[in-house]
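What follows is the residue order along each chain.
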Amino acid sequence: MKFQSFDLIFSFSKLSKMMKDGSGPEKNMQIESEEKFRRLFQMESDAIFLIDNETGDILEANDAACKLYGFSHDALIKMKHTDLSAEPDETRRVTLAGKTFIPVRWHRRQDQTVFPVEIVANHFLWQGYGVHIAAIRDITERVHREEEIRTGEERVRSLIDHNPDAVYSLDAEGTFLSVNESSCRISGYSREELIRMNFDSLIVAEEKQKVWTYFKRCLQGAPQHFETTILRKDGCRLIIHVTNTPMTAKGKVVGIYAIAKDINDHVVAERALEESEKKYRSLFDHSTDAILLTRPDGTVLDANPAACQMFGRSREEILETGRNRLVDHGDPRLYDALEKRTAHGGATAEITMIRANGERFPAEVTSTIFADEGGQQKTSMIIRDIT
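Residues numbered from 1 in each chain as written. Predicted model: local features only at pLDDT ≥ 70, side-chain atom pairs only at ≥ 80, totals over all residues. Heavy atoms only, no water.

(A) Summary view of the packing of aromatic side chains. Counted under the stated rule, the structure contains nine aromatic pairs. Arranged with centres 5.7 Å apart and planes meeting at 70 degrees, the rings of Phe 49 and Tyr 69 form a pair that is edge-to-face. Residue Phe 49 is found in strand β1 (residues 47–52), and its partner Tyr 69 is found in helix α3 (residues 63–69); the two are separated by 20 residues along the sequence. Each member of the pair, Phe 49 together with Tyr 69, is buried. (Phe/Tyr/Trp six-rings, centres within 6.5 Å; stacked < 30°, edge-to-face > 60°. Helix = DSSP H or I, 4+ residues; strand = E, 2+ residues; numbered from the N terminus. Buried < 20%, exposed > 50% of the residue type's maximum accessible area, 1.4 Å probe, protein only.)

Right, dumping it as structure tokens:
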């Protein structure tokens, strides 16, 4: 701590030595020095006390002390230093131990408000008595700021520790500096094992070059997002999505902060869906029966090549025409089939269909109602010409 009270303490102890051993100037000069000291004592912005080490009596206090604690000068010099402390036993202990710096001590004002202070003390002999002069500063704001910082750090640490994704940091060489619990769960390695490893050890061989390229770009200051595959400790492969962010110190990139999300199940499911869609598309395109994908209101969303051939229309013409111009509305069986489909979610019936040239032909139609991923109702129609 750097503040003016250091100079005041030094001056006071030096003056006491001069008066004790007689090595100073004449008495009138001593009086003049004492007067100058007292003015300095009162001008000091921090609370200053002269305290008897043995008894704890307050021998002197400046105006700043009166203002800080809310007592008059006359009241203060009738008190002991423990009367101002919210930790009187500790105050007494450090006084007898001759401590010179107390970073935090809790004191109490006249209104019983408890507040933190920082104390710098100097112990010396004064007129034959062991005393110390204490410079006391109210550090309430500083303690509040430190508490806010500490609380913020705890929140960040909690967010990292309880994050379901792997959160970790790497030095400029790619060695792990810190990892959260999810990093261990995803990789299968313990925290102690990971801290001794380079991320390269986790990447499958065919992905290493790509991942190092992203790593180096991030070290140049550009955040990176990518997918890669790691090899867990148990030998299983796992697909992850990684976000790399530059870690800077004094304006220089010194490493990387990263978040890795386990997307293995999602990617596997997505690939399975893609494969399923490919198979569906293949069956749709190569079916010898006409297939229409429609809405319950008759809108046609898709038509396969067999449907185009059956009705003598292009796919675009069928989508524009809609289902209503493909069926014979004069066939009473149509309405029975629609009612059955609505009631049971599906129906099979023989109804009359119409080609583009107006020719009518008998067809066996199987229609089913289903909901898509968005919850929208759709219908499928499989149509076989039974002429």
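(B) Quick peek at helix α13 (residues 332–344). A rise of 1.5 Å per residue sets the reference length of α13, with its 13 residues, at 18 Å; its end C-alpha atoms lie 19 Å apart and thus fit the reference within 8%. For α13, the complete set of buried residues consists of Leu 334, Ala 337 and Arg 341. Looking straight down α13, one finds its buried side chains confined to an arc of 65 degrees; they lie on one side. Those residues of α13 that are exposed and angled more than 90 degrees off the buried face are Pro 332, Asp 336, Glu 339, Thr 342 and Ala 343. (Expected span 1.5 Å × (residues − 1). Arc of directions from axis to C-beta.)

(C) Representation of the side chain of Asn 62 in the model. The topology assignment puts Asn 62 in the loop between β2 (58–61) and α3. Accessibility expressed as a relative area gives 0% for Asn 62, which makes it buried. A polar side-chain atom of Asn 62 sits 3.0 Å from the main-chain carbonyl oxygen of Asp 46. (Polar contact = N/O pair within 3.5 Å; in protein donor to acceptor, adjacent residues only side chain to side chain.)

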